[in-house]
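# Overview (structure and organization)
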Amino acid sequence: MTLLAIIGGTGLAQLPGLTLSERRVVDTPYGSPSAPLVFGELAGKPVVFLARHGEKHTIPPHQINYCANLWALREAGAEQVVAVAAVGGIRADMGPAVLAVPDQIIDYTWGRRSTFFEGELDHVTHIDFTWPYSQALRRRLLSAAEAAGIAVVDGGTYGCTQGPRLESAAEIARLERDGCTLVGMTGMPEAALARELELDYASLAVVANWGAGKTDDIITMADIEAALLDGMDKAGKLLIALIGS
Ligand code: HPA
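Read on for a plain summary of the structure. (Residues numbered from 1 in each chain as written. Predicted model: local features only at pLDDT ≥ 70, side-chain atom pairs only at ≥ 80, totals over all residues. Heavy atoms only, no water.)

## Examining the overall build of the protein chain
How we decide: Secondary structure follows DSSP: runs of H or I at least 4 residues long count as helices, runs of E at least 2 residues long count as strands, and numbering of each begins at the N terminus. Note that the radius of gyration is over C-alpha atoms, with the globule rule given as 2.2 Å times the number of residues to the power 0.38. Buried, partly exposed and exposed residues are distinguished by accessible area as a fraction of the type maximum, computed with a 1.4 Å probe on protein chains only: under 20%, between the cut-offs, and over 50%, respectively.
Secondary structure assignment for the protein chain yields five helices and 11 strands. Against the globule reference of 18 Å for 245 residues, the protein chain gives a C-alpha radius of gyration of 17 Å, in line with a compact fold. Expressed as lengths along the three principal axes of its C-alpha atoms, the size of the protein chain is roughly 45 × 45 × 30 Å. Of all 245 residues assigned to the protein chain, the portion counted as buried reaches 51%.

Structure (structure tokens):
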């Protein structure tokens, strides 16, 4: 049976429904991952869970060791990775607590280590990234959602900003002109590193708030937390449906 990895983002520091079997502290050639790997069973199937921002949610997006995280999951035997991520909504159908499975990504981050293929190399490697997410895993997520009656938006472009601050209204307007439907801070380099390691990787985005300037209000952490309670509850149910599918 293949091992599914789940990376939990803001609002999902633990996996509801997980029967814990082992908490493993690991090291990698790239340093320590964000947290110990948590092995267990979800709906009777093996999973490994990693809290992207650390167990106590203390690591901001630009300081996450994405290389160590992906490397550790691959070393643990994971072949598929579902990356749960809180995002801001840009397109009109991406309101708070909506779930989406994006199919494209634009990288606006800077200064993050974004490849395993650097340093002492035998040759230069360029991975294909035309479709940054695994279409097979995306389809599995979408069919599991449909079977479980959980509404999910199919597709969309995730714009990945540097953070940790939220965007200005003009930045969100620019992302919208670029074709972004969602905005988050952790989608890159995570997706590209997964591709470099030949892991099947898909994102389950949970909308926490409208992107800056999309409403007259400013964005508060309290509003984000309230939307995530609802959104992550649905995401947890979808993961159980996925694993049972
Ligand atoms: N922008 C970027 N990342 C986010 C947002 C946002 O508005 N909300 C949650 N993650």
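## Notes on the site of the ligand
Note the threshold: In these notes, residues near a molecule or strand are those with any non-hydrogen atom within 4 Å of it. Polar contact is the term for a pair of N or O atoms within 3.5 Å; when the atoms are in protein, one must be able to donate a hydrogen and the other to accept it, and sequence-neighboring residues count only if both atoms are side-chain atoms. Accessible surface area values rest on a Shrake-Rupley calculation with a 1.4 Å probe, where residue burial reflects the displayed protein chains alone.
Taken together, Ala86, Val87, Gly88, Leu166, Glu167, Val183, Gly184, Met185 and Asn209 form the complete shell of residues around the ligand. In the environment of the ligand, a nitrogen atom lies 2.7 Å from a nitrogen or oxygen atom belonging to the side chain of Glu167. The fraction of the free accessible surface of the ligand (260 Å²) that becomes covered by protein chains is 93%. Among the elements of the structure, strand E5 (78–89) and strand E10 (182–184) are those that each provide at least two residues to the shell around the ligand.

## Notes on the pairing of strand E4 (residues 45–51)
The test is simple: Between any two strands, at least two bridges found by DSSP are needed for them to pair.
With five of seven residues buried, E4 lies mostly within the body of the structure. Strand direction decides the pairing type here: strand E3 (residues 37–42) and E4, joined by five bridges, are antiparallel. Paired with Phe39 across the bridge in E4 is Val48. Between E3 and E4, which pair antiparallel one after the other, the connecting turn spans two residues, and Ala43 there sits at a positive phi close to 50°.

## A closer look at the pairing of E5
Counting buried positions along E5 gives 10 out of 12 residues, so the element sits mostly inside the fold. Relative to strand E11 (residues 200–210), E5 runs parallel, the two sharing 10 bridges. Bridge pairing in E11 places Val84 opposite Leu204. Both E5 and E10 contribute to a ladder of two bridges, which runs antiparallel. By the bridge assignment, Gly88 is partnered in E10 with Val183.

## A closer look at the pattern of salt bridges
It is possible for side chains of opposite charge to pair when their charged atoms get near one another. Condition: Salt-bridge detection follows one rule: a side-chain nitrogen of Lys or Arg within 4 Å of a carboxyl oxygen of Asp or Glu.
Enumeration over the complete set of coordinates arrives at 10 salt bridges. Among the ionic pairs, Arg52 bridges to Glu190, the shortest N-O distance being 2.8 Å. Of this pair, Arg52 sits in the loop between E4 and helix H1 (66–75) while Glu190 sits in helix H4 (residues 187–196), and the two are 138 residues apart along the sequence. Residue Arg52 shares its accessibility class with Glu190, and that shared class is buried. One salt bridge in this structure joins Glu75 and Arg74, with 3.9 Å as the shortest N-O distance.

## Looking at the environment of Ala92
Within the secondary structure, Ala92 is located in the loop between E5 and strand E6 (99–101). Since its relative accessible area comes to 73%, Ala92 is described here as exposed. Sequence separation between Ala92 and Trp210 is 118 residues; the distance between their C-alpha atoms is 9.2 Å.

## What about unusual backbone geometry?
In this model, Gly163 is joined to Pro164 through a cis peptide bond whose omega is -5°. Here Pro164 is to be found in the loop between strand E9 (157–160) and helix H3 (169–178). Omega for the bond connecting Met188 with Pro189 falls within 30 degrees of zero, at 5°, which places this linkage in the cis form. Examined against the element boundaries, Pro189 turns out to sit in helix H4. Within the chain, Ala97 stands out as a residue other than glycine whose phi angle is a positive 75°.

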